[in-house]
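Chain by chain, the residues run as shown.
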Amino acid sequence: MREITFAEATREAMEEEMARDPRVFLMGEDIAKQGGIFGQFKGLPQRFGLERIRDTPISEPTLVGAALGAALVGARPVLDIHFADFLLLAMDELVNQMASLRYMSGGKLKAPVVIRAPDGAIRSAGAHHSKSLEGLFLHLPGFKVVAPATPRDAKGLLKSAIRAEDPVLYLEHKALYPRKGPVPEGEYLVPLGRAEVVREGRDVTLISYSLTLHKTLEAAEALARDGVEAEVVDLKTLYPLDWDTLLGSVERTGRAVVAHESWRFLGPGAEIAATLEERLWRKLKAPVARVGAAHVPIPFSPPLERRVIPQVEDILMAAKEVLAWA
Amino acid sequence: MELLDLYRIMYRIRRFEERVERLFLAGKIPGFVHLYIGQEAVAAGALAHFRPGDYLTSTHRGHGHALALGVDPRDLMAELFGRRTGVCRGKGGSMHLFDARRGMLGANGIVAGGLPIAVGAGLGLRILGHEGAVFCFFGDGALGRGVLHESLNLAALWQLPVLFVLENNRYASTTGFAESHAFQVPALVGAYGIPYLEADGSDVEEVHRAVGELLAHVRSGRGPAFVEAHTYRFKGHYVGDPERYRSRQEVEEARRRDPLGLARARLLALGLAQEELEALERKEEELLEEAVVFAEGSPWPDPEEALVGVFAEPVSDYPWEEP
């Protein structure tokens, strides 16, 4: 199979969806003339024109609100937010307006908007350009939240997100854009709401998504060298969560570690760990461990950033603690 | 649009709101209620120009806009009562009214919340190649929010078909206009190159005329326009507001320019028979009575309905707990 980058895979998804459905359009800061800060929109204006690929002013609240308004009259907007951190500028439009709309209208209106937001810490971007905000948005009802880890899923999940009838927050870790991987030619969809066991094992289940999935797979490799067979689950969609796959895996292994870049305190891992313990209490051989960012703004200096963001060794250490329970 | 039709809409809003106030005070309507009394000429005059394919965003004071748009008073009243037959099946309430079929994209509990949505609706119409204009209503309180400035900019930049309708009733909640704004509205709007007209918001014909003129611009594809209707709310910010921020004398003075009184006097001066006017009013009273009976007689939503409708398909966080 051919190998392309994560950014190229998402560009392909956009191109295919825009060609398929004339209602789909894309807007954001620096996306048309520049092709996106990670090259993920290169060539699209040449094919679809500047009406459907729009450069915008730096006005996040109005852009999010406008994406909602366009969706309400029947268009299918994809909004690119420069950095996920800037979503915080538009919390009213995101939460009070977009996320609540279908519910508040008694199901009579819908908001099929995709918001693409690069997140995650990369090369000392500092506190305003490094956040992983999925924990925040998972807490607020009304968003489907997607966080792909591979080029293959990036393409298939983005296409599914664009076809979804609900607001989708599509979070792309910045460090993933240049990462290459096998991507099938032509059309395929990866369904929202489904996780995948990406590595099988019997001793412990390691649960992750996005960039941290790759660190988790590295940890699983290291464990294998010690004779421990770790199963790895890629969540792919964080809301709704694929509980069947999660519970099935942890029931088999009896041990679990959840790892992510979002803050550990009240992060996605907290909900997953609590639910696994509620459901599988008697079948668990150890408490579920959580790995996430320390509860501080993301620092600038490389050693500080590295300390705050979960690393392979943090996941490895958590797995070893879980395995140490008799 | 004849003055008599405009009067009929204003009368419908006035009586509806007076009844809502009584029902709220009698404990029949939950939540908060913000009345439109005094501002009827703005909704009636502006929305007389509303056509199928147009859209509307409204404010937390949105009953009048809904009624002027033609939302069935029964569906509206049932929503205020929180009943299943309500226009949002009881999930919206007074401040959050939607009627997809009529293009009502929401009253809004957030001041200026509707502005970017209106701009986006205009953008969507453009992308889809549809005709149509978006009526965006907001109060003077919205002038303080950054999103208003962003919305004017984007609408002007992309020449979107949005009519901004500022209902300047002189109070943002309880704070007077002059205490909140350091700028002049015409200068603000002019800075974005958006055509601006002001109108006496108590004179329904004047509002109708001004909006008609601006809409010709909007519908011709030359971008947004902005009307400022100077109006006054006769009642408090919400039902129960002690109104410590203004004098009784000020309210009484404003009431002398009651938009309904002005329109009624003009109709009679034009030679309309008193009996004809009263017959029209009686018909409206009957419609209102029906709406109240309908709302009171409507069932409450099943409590389980609270758990569904966030997404297109049901999502269960704890699927094993399903019955």
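All of these numbers come straight from a predicted model, not from anything done at the bench. (Residues numbered from 1 in each chain as written. Chains lettered and ligands numbered in written order. Predicted model: local features only at pLDDT ≥ 70, side-chain atom pairs only at ≥ 80, totals over all residues. Heavy atoms only, no water.)

### Regarding the overall build of chain B
So the rule is basically this: Helix and strand definitions here come from DSSP, where helices need a minimum of 4 consecutive H or I residues and strands a minimum of 2 consecutive E residues; each element is numbered from the N-terminal end. For a compact globule the rule gives 2.2 Å times the number of residues to the power 0.38, and the radius of gyration it is set against comes from C-alpha atoms. Any two residues having at least one pair of non-hydrogen atoms within 4.5 Å are treated as being in contact. Residue burial considers only the protein chains on display, and all accessible areas are found by Shrake-Rupley using a 1.4 Å probe.
Check the secondary structure of chain B and you find 12 helices and seven strands. Compactness check: chain B gives a C-alpha radius of gyration of 20 Å against a globular reference of 20 Å for 323 residues, within 12% of the reference. Seen through its C-alpha atoms, chain B measures out along the principal axes to roughly 65 × 50 × 40 Å. In chain B, of all internal contacts separated by at least 6 residues, the share reaching a separation of at least 24 is 73%. Carbon together with sulfur atoms contributes 50% to the accessible area of chain B, which is approximately 13,400 Å² in total.

### Section: the interface of chain B and chain A
Selection criterion: Accessible surface is computed with a 1.4 Å probe, and the buried area is the amount of it that two parts give up when combined, taken over both parts together. Salt bridges are counted wherever a side-chain nitrogen of Lys or Arg sits within 4 Å of a carboxyl oxygen of Asp or Glu. Any pair of N or O atoms that falls within 3.5 Å is considered a polar contact. Within protein, one atom must be able to donate a hydrogen and the other to accept it, and sequence-neighbouring residues count only if both atoms are side-chain atoms. For this classification, the nonpolar set comprises Ala, Val, Leu, Ile, Met, Phe, Trp, Tyr, Cys and Pro, the charged set comprises Asp, Glu, Lys and Arg, and every other residue, Gly included, is treated as polar.
Between chain B and chain A, the residue contacts involve 45 residues of the former and 48 residues of the latter. Considering only the side of chain B, the residues that lose the most area to chain A are Ile-127, Phe-311 and Trp-320 of chain B, jointly responsible for 17% of the buried surface there. Connecting chain B to chain A are two salt bridges. A salt bridge links Glu-313 of chain B to Lys-144 of chain A; its shortest N-O distance comes to 3.8 Å. Across the contact surface, chain B and chain A share 16 residue pairs in polar contact (both at pLDDT 80 or more). Of the residues that constitute the side of chain B that touches chain A, the class distribution is 28 nonpolar, 10 polar and seven charged.

### Quick look at the side chain of Asn-108 of chain B
Considering the arrangement of structural elements, one finds Asn-108 of chain B in the loop between α4 (73-81) and α5 (114-128). If we ignore the near neighbours within four places in the chain, the residues touching Asn-108 of chain B are Gln-97 of chain A together with Ser-58, Thr-59, His-60, Met-95, Gly-113, Gly-114 and Ile-117 of chain B.

### Let's talk about the packing of helix α9 (residues 243-253) of chain A against helix α10 (residues 268-280) of chain A
Residue and element names in this part refer to chain A. What counts, and what does not: Orientation is described by lines fitted to C-alpha atoms, with helices fitted over the stretch in contact, and by angles between N-to-C directions that extend from 0 to 180 degrees. Throughout, the term roughly parallel applies to angles under 35 degrees, roughly antiparallel to angles over 145, roughly perpendicular to angles from 65 to 115, and oblique to all others. Here a crossing is called left-handed whenever its near helix is offset anticlockwise from the far helix by less than a right angle, and right-handed whenever the offset is clockwise.
Their axes nearest at 11 Å, the elements α9 and α10 cross at an angle of 60°. Considering their axes alone, α9 and α10 lie oblique with respect to each other. As for how α9 packs across α10, the hand of that crossing is right-handed. For the pair α9 and α10, contact is made by Trp-243, Leu-246, Leu-247, Val-250 and Glu-251 and by Glu-271, Ile-272, Thr-275, Leu-276, Arg-279 and Leu-280, respectively. The residue makeup of the contact of α9 with α10, split by class, is seven nonpolar, one polar and three charged.

### Looking at unusual backbone geometry
Spelled out, the test is: The buried label applies to any residue whose accessible area, calculated with a 1.4 Å probe on protein chains only, is under 20% of its type's maximum; exposed applies above 50%, and partly exposed to all values in between.
Cis geometry marks the peptide bond from Tyr-239 of chain A to Pro-240 of chain A; its omega dihedral reads -5°. One can find Pro-240 of chain A in the loop between β12 (237-239) and α9. Even without a glycine there, the phi angle at Ser-173 of chain B is positive, about 60°. Looking at where Ser-173 of chain B falls in the secondary structure, it is placed in the loop between β4 (171-172) and β5 (175-176). Ser-173 of chain B sits in the partly exposed class, given a relative accessible area of 36%.

### Things to note about the packing of aromatic side chains
One pair of aromatic rings is described through two measures. These are the centre distance and the angle between the planes. Inclusion rule: Each aromatic pair joins two rings of Phe, Tyr and Trp (for Trp, the six-membered one) with centres within 6.5 Å, and gets the label stacked for planes under 30 degrees apart, edge-to-face for over 60, and tilted for any other angle. By definition here, charges over rings are those cases where NZ of Lys or CZ of Arg is within 6 Å of the ring centre and within 35 degrees of the ring normal.
Taken as a whole, this structure holds 16 aromatic pairs over all chains when the rule is applied. Consider the rings of Phe-50 of chain B and Phe-135 of chain B, whose centres lie 5.5 Å apart with planes at 45°: the pair is tilted. With Phe-50 of chain B in the loop between α2 (40-47) and β1 (55-57) and Phe-135 of chain B in strand β2 (residues 134-139), this residue pair connects regions lying 85 residues apart in the sequence. Against the face of Trp-158 of chain B rests Arg-54 of chain A, its NZ or CZ located 4.4 Å from the ring centre. Here the basic side chain of Arg-74 of chain B rests over the ring of Phe-294 of chain B, its NZ or CZ set 5.4 Å away from the ring centre.

### Thoughts on the layout of surface pockets
The condition is simple: Think of a 1 Å grid over the protein atoms and nothing else: a 1.4 Å probe that fits but is trapped marks a cavity, an open set flanked by protein within 12 Å on at least five of seven lines marks a pocket, and residues with an atom within 4 Å of a point count as lining. Grid points are joined across faces, edges and corners, and a volume is the space filled by probe spheres set on the points.
When its volume is computed, the largest pocket comes out at roughly 1,200 Å³. Along the wall of the largest pocket there are 44 residues; nearest its centre are Leu-138, His-139 and Tyr-239 of chain A together with Asp-317 and Tyr-318 of chain B. Looking at the lining of the largest pocket, the elements with two or more residues in it are α6 (134-139), β12, β13 (256-263) and α10 of chain A. Here the element with the most residues in the lining of the largest pocket is α10 of chain A; it accounts for five residues.

### What about a negative patch on the surface?
This is how the line gets drawn: Patch membership needs two things, relative accessible area over 30% and no salt bridge, and members are linked within 9 Å if like-charged or within 5 Å if nonpolar (Val, Leu, Ile, Met, Phe, Trp, Tyr). This count recognises Lys and Arg as positive and Asp and Glu as negative, with His and chain-terminal groups excluded. Note that the charge is assigned to NZ on lysines, CZ on arginines, CG on aspartates and CD on glutamates.
A contiguous patch of negative charge on the surface is contributed by Glu-271 and Glu-278 of chain A together with Asp-317 and Glu-321 of chain B. By relative accessible area, which is 59% here, Glu-278 of chain A ends up exposed.

### Remarks on helix α12 (residues 312-324) of chain A
Every α-helical turn comprises 3.6 residues, leaving residues that sit three or four positions apart pointing alike. Let me state the cut-off plainly: For a helix, the expected span equals 1.5 Å multiplied by the residue count minus one.
Between its first and last C-alpha atoms α12 of chain A spans 18 Å; for 13 residues at 1.5 Å apiece the expected length is 18 Å, and the two agree. For α12 of chain A, the elements touching its buried residues are β10 (204-208), α8 (210-225), β13 and β14 (289-293) of chain A.

### Concerning the pairing of β14 of chain A
Consecutive side chains along a regular strand alternate between the two faces of the sheet. Residues and elements named next belong to chain A. To keep it simple, the criterion reads: Pairing between strands is defined by DSSP: at least two bridges between the two strands are required. Orient the strands so they point away from the viewer, and a crossover whose first-strand-to-second-strand path over the helix runs clockwise is right-handed.
Counting buried positions along β14 yields four of five residues, so the element is predominantly enclosed. Note that β13 and β14 share four bridges and pair parallel. Each bridged residue has a counterpart across the sheet, and for Val-257 the counterpart in β14 is Ala-289. Of the crossover connections in this fold, the one passing from β13 over α10 to the parallel β14 is right-handed.

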